[in-house]
Structure formats: structure tokens, C-alpha cells
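Chain by chain, the residues:
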Amino acid sequence: MPQWVSVAYADYVKRLRAGCSLELHEIPAGRRSRSADIAQILRTEGNRCLDAVPSGARIIALERQGKMLATNQVTQAMDRWLHEGRDVAFLVGGPEGLAPQCLQRADEQWSLSALTLPHPLVRVLLAEQLYRAWSMLHRLPYHRE
């Protein structure tokens, strides 16, 4: 990832340290070529993603066709997660999206935008929105309406 992605992501992770942790598990993308079996690559990537999900975690697939949430809805969701005491795993797909088995296992599908976003931007955008929700729950001055 470009340095700006690492710096921005790390900044939000650091801000969240006060009681909510954010861990990143990168799954290496399968090698794509003109003759590659994309369906097999997707299955392999999907299995690796699901293997990285903690046992019992709520799975949220980030998918362009998923449900779009307003910031206050993300905040309400985070409040529920914190009270449930379960881990939450966000899955972001590769160039072709998420594997079918990831979408089937997901408890929810969210969309960050109707636009197709590059992975570096998704990483930072998700971290920022999670921090924003956290700051709203704790009445920190970060969020302004």
C-alpha cells in the first residue's frame, strides 16, 4: 500500500486504542493473468478471508450493492456490537469483488458508496467511519453535524 494509506489507517487505529481495537488482516491476492481461472482465484481468496475471521464474529461484507448506512446508523450498529461483545469482521474483496462463500457467510452486506472504490481508499474510509462512530458514542469532539 502507498505510504499515505498506512499513515492514515494507523492514525485511526491509534485513536481507537482507548477501548476498541481495529486489526487488519491482509489476504494476498491471487495471481491474475490472461489465462487465470478467476473463479478458482475467487474461491481461494474467499477461503483465506473466512479463515482469518475470528470464531463467532459478526461478518460484514463490504459490497457495492450492499446496504448504504448513514453515520448515525453505523454508530448504532457499533453500539450494538459493543454490547454483544462479539468481534466484527469486515470483508473487502479483490478486483472481482468478494467470493460467493464470503457473501453467503456474511451477516450483513454494506456499501460504502455506489462508486467502485480502490482498496487503499476503502481501508482508510472504513477506519475513519469506525472512529467517527466511536467518537459519537463517547461524545468526543471529532464528529460535527
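In case you missed it, the structure is sitting above this.
Report follows, based on the coordinates. (Residues numbered from 1 in each chain as written. Predicted model: local features only at pLDDT ≥ 70, side-chain atom pairs only at ≥ 80, totals over all residues. Heavy atoms only, no water.)

**Topic: the packing of helix H1 (residues 3-16) against helix H5 (residues 119-137)**
Geometrically, a packed helix pair is captured by the angle between its two axes and the distance between the axes. Between H1 and H5, the least distance of the axes is 9 Å, while the angle of their chain directions is 20 degrees. Comparing the axis directions of H1 and H5 gives the class roughly parallel. Pair H1 / H5 crosses with left-handed handedness. Of the residues in H5, those touching H1 at Trp4, Val5, Ala8, Tyr9, Tyr12, Arg15 and Leu16 are Pro120, Leu121, Arg123, Val124, Ala127, Glu128, Leu130, Tyr131 and Trp134. Its residues placed into classes, the contact of H1 with H5 shows 13 nonpolar, no polar and three charged. (Axes fitted to C-alpha atoms, helices over the stretch in contact; angles between N-to-C directions. Helix = DSSP H or I, 4+ residues; strand = E, 2+ residues; numbered from the N terminus. Parallel < 35°, antiparallel > 145°, perpendicular 65-115°, else oblique. Left-handed = near helix turned anticlockwise from the far one by under 90°. Contact = heavy atoms within 4.5 Å. Nonpolar A, V, L, I, M, F, W, Y, C, P; charged D, E, K, R; others polar.)

**Quick look at the packing of aromatic side chains**
According to the stated counting rule, one finds five aromatic pairs in the structure shown. Plain terms: the ring middles of Tyr12 and Tyr131 are 6.2 Å apart, the flat faces sit at 40 degrees to each other, and that makes the pair tilted. With Tyr12 in helix H1 and Tyr131 in helix H5, the pair connects residues that are 119 residues apart, well separated along the chain. Taken as a pair, Tyr12 and Tyr131 share a single burial class, namely buried. (Phe/Tyr/Trp six-rings, centres within 6.5 Å; stacked < 30°, edge-to-face > 60°. Buried < 20%, exposed > 50% of the residue type's maximum accessible area, 1.4 Å probe, protein only.)

**Here we look at the nonpolar core**
Grouped burial of nonpolar side chains is what soluble globular proteins tend to show. Residues Met78, Trp81, Phe90, Trp110 and Leu130 are the most contacted members of the largest nonpolar core, which totals 23 residues. For this core, the secondary structure elements donating two or more residues are H1, strand E1 (58-68), helix H3 (71-84) and H5. Apart from the residues lying within four places of it in its own chain, the contact partners of Trp110 are Ile60, Ala61, Leu62, Glu63, Gly66, Lys67, Leu69, Val74, Ala77, Trp81 and Phe90. Residues Leu42, Val53, Ala57 and Ala99 belong to the second largest nonpolar core, which totals 13 residues. (Core = buried A, V, L, I, M, F, W, Y, C linked by side-chain atoms within 4.5 Å.)

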